[in-house]
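Given next are the chains, with one letter for each unit.
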2 protein chains.
Amino acid sequence: MAETTHFMDLALVEAQAAALRNEVPIGAVLVLDGRVIARSGNRTRELNDVTAHAEIAVIRMACEELGQERLAGADLYVTLEPCTMCAAAISFARIRRLYYGANDAKGGAVESGVRFFNQQTCHHAPEVYSGMAEVESAEILRAFFQGKRGE
Amino acid sequence: MAETTHFMDLALVEAQAAALRNEVPIGAVLVLDGRVIARSGNRTRELNDVTAHAEIAVIRMACEELGQERLAGADLYVTLEPCTMCAAAISFARIRRLYYGANDAKGGAVESGVRFFNQQTCHHAPEVYSGMAEVESAEILRAFFQGKRGE
């Protein structure tokens, strides 16, 4: 348990770093065999790429690093419930376990929305552990958007 | 109508080119103000990137080309019904119209599966035109997988 907390803490650090770059602050860490193989925050503004959510960023980085198209056995830590796009990408990449922080009723797709991993068109579902660092993850987002409204 | 047929023909050319690179043959073309701003086939194998479906490839290329994060007013032509990941990316990119060829009951997410554009967690839905070049699109896929089985 200490190890999973450590990896989620790294994801929170990535979320905080994203906020400083004026990106919606979500962070993700990808772990294989106990080793961090990719870590990133959301990069949609930096890259002008609507698909550069933190989850997609780390999946792409890890696949490039490992020179392979899928990530069987890898575990993904992310501060917010993945959206529909990311849930499908997580499935395609054959991620083993998904740990996430805050729920996202408006845009999530795991326990909210389309609940993709429970659908017939989902051909691989990770084990899901939600609610890790839920309060801290949500607080980073709340503070970011409150700051925006104050601008 | 002649113009939309022309753009779908270009998407079919991209699908054929993908087959020659040993990629699952799906092609996409992105059009803004009557001009092709990006065209690509599926590139998942070439790039070791599970997210490099034809639709995502052209959205990324177009956003980079235009230096913007969204593609309001752009129309996407793709030979197969978009999957869950791509349907969400199409929504995020604010694509205006989606034209697609063959249906994909196993993995699609527009008229099949999660029918993402009809869900509450979808915050922008394109106009959808399906069935264009449906037979040709499906035939390219059928021939590709038949060839695979023969190998």
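Our structure's up above, just so we're on the same page.
Residues numbered from 1 in each chain as written. Chains lettered and ligands numbered in written order. Predicted model: local features only at pLDDT ≥ 70, side-chain atom pairs only at ≥ 80, totals over all residues. Heavy atoms only, no water.

Caption draft 1: Spotlight on the interface of chain A and chain B. Each partner contributes residues to the interface: chain A has 32 residues there, and chain B has 32 residues. It is N48, V50 and E69 of chain A that lose the most area in chain A upon contact with chain B, and together they represent 26% of the buried surface on that side. At the junction of chain A and chain B, the tally comes to two salt bridges. The closest approach of N and O atoms between R60 of chain A and D49 of chain B, which form a salt bridge, is 2.8 Å. (Contact = heavy atoms within 4.5 Å. Buried area = accessible area lost by both parts, 1.4 Å probe. Salt bridge = Lys/Arg side-chain N within 4 Å of Asp/Glu carboxyl O.)

Caption draft 2: A look at the packing of helix α1 (residues 2-20) of chain A against helix α5 (residues 134-150) of chain A. Residues and elements named next belong to chain A. Two elements in contact, α1 and α5, have axes whose closest approach is 10 Å; the angle formed by their N-to-C orientations is 5°. Comparing their axes, α5 and α1 come out roughly parallel. Where α1 approaches α5, its residues L12, A15, Q16 and A19 are matched on the opposing element by E136, S137, I140 and F144. Here the contact of α1 with α5 is built from residues that sort into five nonpolar, two polar and one charged. (Axes fitted to C-alpha atoms, helices over the stretch in contact; angles between N-to-C directions. Helix = DSSP H or I, 4+ residues; strand = E, 2+ residues; numbered from the N terminus. Parallel < 35°, antiparallel > 145°, perpendicular 65-115°, else oblique. Nonpolar A, V, L, I, M, F, W, Y, C, P; charged D, E, K, R; others polar.)

Caption draft 3: Local environment of the side chain of N42 of chain B. Residues and elements named next belong to chain B. With respect to the helices and strands, the residue N42 is situated in the loop between β2 (35-41) and α2 (44-47). Take N42: its relative accessible area is 5%, and that puts it in the buried class. Among the polar contacts listed, one links the side chain of N42 to the backbone nitrogen of T44, at a separation of 3.5 Å. Setting aside residues up to four positions removed in sequence, N42 forms contacts with A18, R21, E23, V24, I26, A52, H53 and A54. (Buried < 20%, exposed > 50% of the residue type's maximum accessible area, 1.4 Å probe, protein only. Polar contact = N/O pair within 3.5 Å; in protein donor to acceptor, adjacent residues only side chain to side chain.)

Functional significance is not addressed by these values, which are geometric in nature.
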